[in-house]
Amino acid sequence: MIEIDRVSQVFQTSARSDHLALSDISLSVEEGAFVSILGPSGCGKSTLLYIVGGFVNPTSGIAKMKGKTITGPGPDRGPVFQEFALFPWKSVLGNVMYGPRQQGVRAVDAEAQSRALIEMVGLKGYENFYPKELSGGMKQRVALARTLAYHPEVLLMDEPFGALDAHTRTRLQNDLLNIWERDRKTVIFVTHSVDEAVFLSDKVVMMSRSPGRIRQIVDIELPRPRRRTELLLDPRYQKFVVDIERMFDDDDEAGPGA
Amino acid sequence: MTQRGALIARAAPVLACIGLLALWQVASLLLKNDSFPTAVEAIRAVPAILGDKEALINILASLRRMAVGFGVAVAVSVPLGLLMGRSRQVQAFFNPLLMVIYPVPKAALMPIIMLWLGVGDIAKTLVIFLGVSLPVIYHSFEGAKAVEEKMVWSGAAMGLSAAQRLVRIVMPAALPEILTGCRTGLVLALITMITSEMIARQSGAGNILFNALDMGQYDTVFAMIIIVGAMGICLDAAFERVRARLVRWSEPQFDMPLSFS
Amino acid sequence: MRPRILPTDVLLGTAPIALVLALWQGLVSFGFAPVTLLPPPGIVFGRLLQQLVTSTFQQEIVATLIRLFGGFLIAVVFGVGIGIAAAASPAINSVVRPIVRVLAPLPKVALYPALLLLLGFNHESKITLVAADALFPILLSTYFGASTVEQKLIWSAMAAGTPRREILFKVVLPAAMPSILTGCRIGLVISCIVVFLAEMITSTDGLGHVLVTAARTFQAVDMFVPLITISLLGLILNGLLQAVRSYLLRGFPEV
Ligand SMILES: Nc1ncnc2c1ncn2[C@@H]1O[C@H](COP(=O)(O)OP(=O)(O)OP(=O)(O)O)[C@@H](O)[C@H]1O
Ligand SMILES: [Mg+2]
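Residues numbered from 1 in each chain as written. Chains lettered and ligands numbered in written order. Predicted model: local features only at pLDDT ≥ 70, side-chain atom pairs only at ≥ 80, totals over all residues. Heavy atoms only, no water.

Comments concerning the site of ligand 1
All names here are of chain A.
- In the vicinity of ligand 1, the contacting residues are Phe11, His19, Ala21, Ser41, Gly42, Cys43, Gly44, Lys45, Ser46, Thr47, Glu159 and His192.
- Between ligand 1 and the protein, one listed contact pairs an oxygen atom with a side-chain N or O atom of Glu159 at 3.2 Å.
- One of the side-chain nitrogen or oxygen atoms of His192 is found 3.0 Å away from an oxygen atom of ligand 1.
- Isolated, ligand 1 exposes 630 Å² of accessible area, and the fraction of that covered by the protein chains is 62%.
- Secondary-structure elements contributing two or more residues to the shell around ligand 1 are strand E2 (18-29) and helix H1 (45-53). (Near = heavy atom within 4 Å. Polar contact = N/O pair within 3.5 Å; in protein donor to acceptor, adjacent residues only side chain to side chain. Areas by Shrake-Rupley, 256 points an atom, 1.4 Å probe, with all protein chains shown as cover. Helix = DSSP H or I, 4+ residues; strand = E, 2+ residues; numbered from the N terminus.)

In structure tokens, the structure reads:
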């Protein structure tokens, strides 16, 4: 579904020094897979996601979607940003309807679809609220609904639950899994949390810092559908989490930026 | 590469000036209107005005009044604005009064003030003072209101009195905003000065402008516009230098001048 | 959520206005100021009410309003247009920026004689002056608002399939709206001030002209009336704009 082929990204920082944010990244993501990207802060996870989204052009290498080179954003790849990025001048319904309307869906149909989606993410009754009147978790649900509304084939999620409290985070993880198990969309999911990555994913891509490289890819062979309470007691789950955390610990001992 | 970029950035306003003057030249040549001299003719008339002793003295006297009016206004308005920003009561007390005064054209008070105080320096300086005060109060107020509460608390914890907190914490923290207000005020001082001179028709740059207009000396009219324009641009640029130096620590919000006029 | 207005605040706020009026009345009553120089507030407001119903005075108000709105609307159209364009295109930006740097601090009122010569003594010259004065605050706030639009908002819209050329109207313009309206508010007050001054400097009608006529004949009462009228107009227009603002910005935090 998505092929990232020897992608590197150089940023120009102050005056003339160049900063290598991503170095020679190659990765392929199959259709319907749930892939998490895990790595220390500043290793280029967001940058990689933006490249797949078509928001940022890689300095070298190419990213392809279904065999076609990605040159810009498109409704086949839907981003969900950590900052929510809801349109403050639109209500919840207006935000969710934006995508379908942009795709040329008739207003009545777009509204009906959007209302259904809002109900699905558990925000029935909040259709006419403005983003400022919602809590962080609710905003994140709206952001997810807004992206799902235009039926992207791939979801690009950048630490979507990073700013939420533990309880809300758990609930949204469950909701996301339910939605994913129903639609089987391809998901690329950036996170800091090892638990989250193991719980959600088929595959965890571990990155190392500066310049961002892929360190290792771990296949999470745990049965689905997954129940959080069962999984927490499952020794296989625990082993994945511990193994991955150990690998990052080793990384730290090697020294920063090494 | 970046050095050349900086050079171009510096030269750009000069280029813009030249471009605007060239535009003027072309327009006047195309229009061929008697009352619209070309840029070259107007620039030629500038030395004549600045060479005229009486005109020069008049203009300098205007500038002196402007400086005094501006100085007094800043001295009064900054403390008032800061107090309003930090105290709800002070804000509630002054806000409605200021809202009522805000849309009153200050230079329009000139005839009334002249009626009371005559046409002396005091009347003219007072009008400039009034013109400058409001934006300076407003910006100081906004600046003080935006000061992080925790910063003031930590000052209180260190044992600073309320007055000390205002001077040692709130004022420096609000300085960028205060200086933005002062910059606006400075341009406004010049505007108020010229407008009130246009209305009072006694002396000064505004008076020279309209006398020349009445007498049909169109070169002088346009030369005077160049002089006044240059004063505005130079004052603003000079103040911007001072401002940039004083608040080097703060990130520039606007690198285009945001002035009232 | 707007902070509620407390009754004590209202009391505090009316106090200085009442004080000014009392002082004003006191100055006249106790003979510190002769009535010819400082007519008492009662007489001034009586005269104002009396004038407001006469059709001649209403015509003066209309003349002023035409110039005010004409200039203000031109300033809004050009200010918002140029501001957005400068934020959207680096090429336009590099041209607009230095020109604005030069023109913004220039005292526009100095151009008034030139405008009179070029456009004549009617509405046109005054409208142009108002527009020139109100333009820059609107342009600068628009530019500021449009150039600080959150990148991710634009990305979200692009991912939803918005073509690049529509981004300007569908995202940048609405996202910059709070800034734009702040600029409009400043521009409106400036328009009120400038139109009045222009009418004072040279005109045959309008509120500013009323003041000048009264000043020539030393009619202090009639000098106060147009001043209070323009100040009231300013307050009313500001109130209207505030209403538009709270409607347009109902989704934005802290209007
Ligand atoms: N626009 C930019 N200009 C210059 N440098 C940038 C830019 N964007 C990112 N970088 C640099 O690239 C590196 C990777 O940034 P990125 O945001 O992708 O990291 P990240 O892994 O998402 O970090 P986090 O987990 O904190 O979100 C960082 O070192 C950052 O400084
Ligand atoms: Mg990131």
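Describing the interface of chain A and chain C
- With 23 residues of chain A at the contact, the number on the chain C side is 20 residues.
- Both faces considered, chain A and chain C share a buried interface measuring about 2,000 Å² in area, 66% of it formed by carbon and sulfur atoms.
- For the chain A face of the interface with chain C, the top three residues by lost area are Trp89, Gln102 and Lys132 of chain A, together amounting to 31%.
- Counting across the interface, chain A meets chain C through 1 salt bridge.
- One salt bridge connects Glu83 of chain A with Lys152 of chain C, and the closest N-O pair in it is separated by 2.8 Å.
- For the interface between chain A and chain C, the tally reads 10 residue pairs in polar contact (both at pLDDT 80 or more).
- Of all the secondary-structure elements, those providing two or more residues to the side of chain A that touches chain C are strand E6 (77-80) and helix H2 (92-102) of chain A.
- Ranked by residue count, the leading element in the side of chain A that touches chain C is H2 of chain A, at 3 residues.
- Along the lines of polarity and charge, the residues of the side of chain A that touches chain C split into 15 nonpolar, 4 polar and 4 charged. (Contact = heavy atoms within 4.5 Å. Buried area = accessible area lost by both parts, 1.4 Å probe. Salt bridge = Lys/Arg side-chain N within 4 Å of Asp/Glu carboxyl O. Nonpolar A, V, L, I, M, F, W, Y, C, P; charged D, E, K, R; others polar.)

Overview of the pairing of strand E3 (residues 34-38) of chain A
All names here are of chain A.
- Among the 5 residues of E3, 5 are classified as buried, and the element is accordingly described as predominantly covered.
- Of the two faces of E3, the one carrying Phe34, Ser36 and Leu38 and the one carrying Val35 and Ile37 are both buried.
- Inspection of the sheet shows E3 paired to strand E8 (residues 186-191) by 5 bridges, in the parallel sense. By the bridge assignment, Phe34 is partnered in E8 with Val187.
- In terms of strand pairing, E3 meets strand E9 (residues 203-208) through 4 bridges, oriented parallel. Bridged to Leu38 within E9 is Met206. (Buried < 20%, exposed > 50% of the residue type's maximum accessible area, 1.4 Å probe, protein only. Pairing = 2+ DSSP bridges.)

Everything listed here is a matter of coordinates, which is why it stays silent on function.
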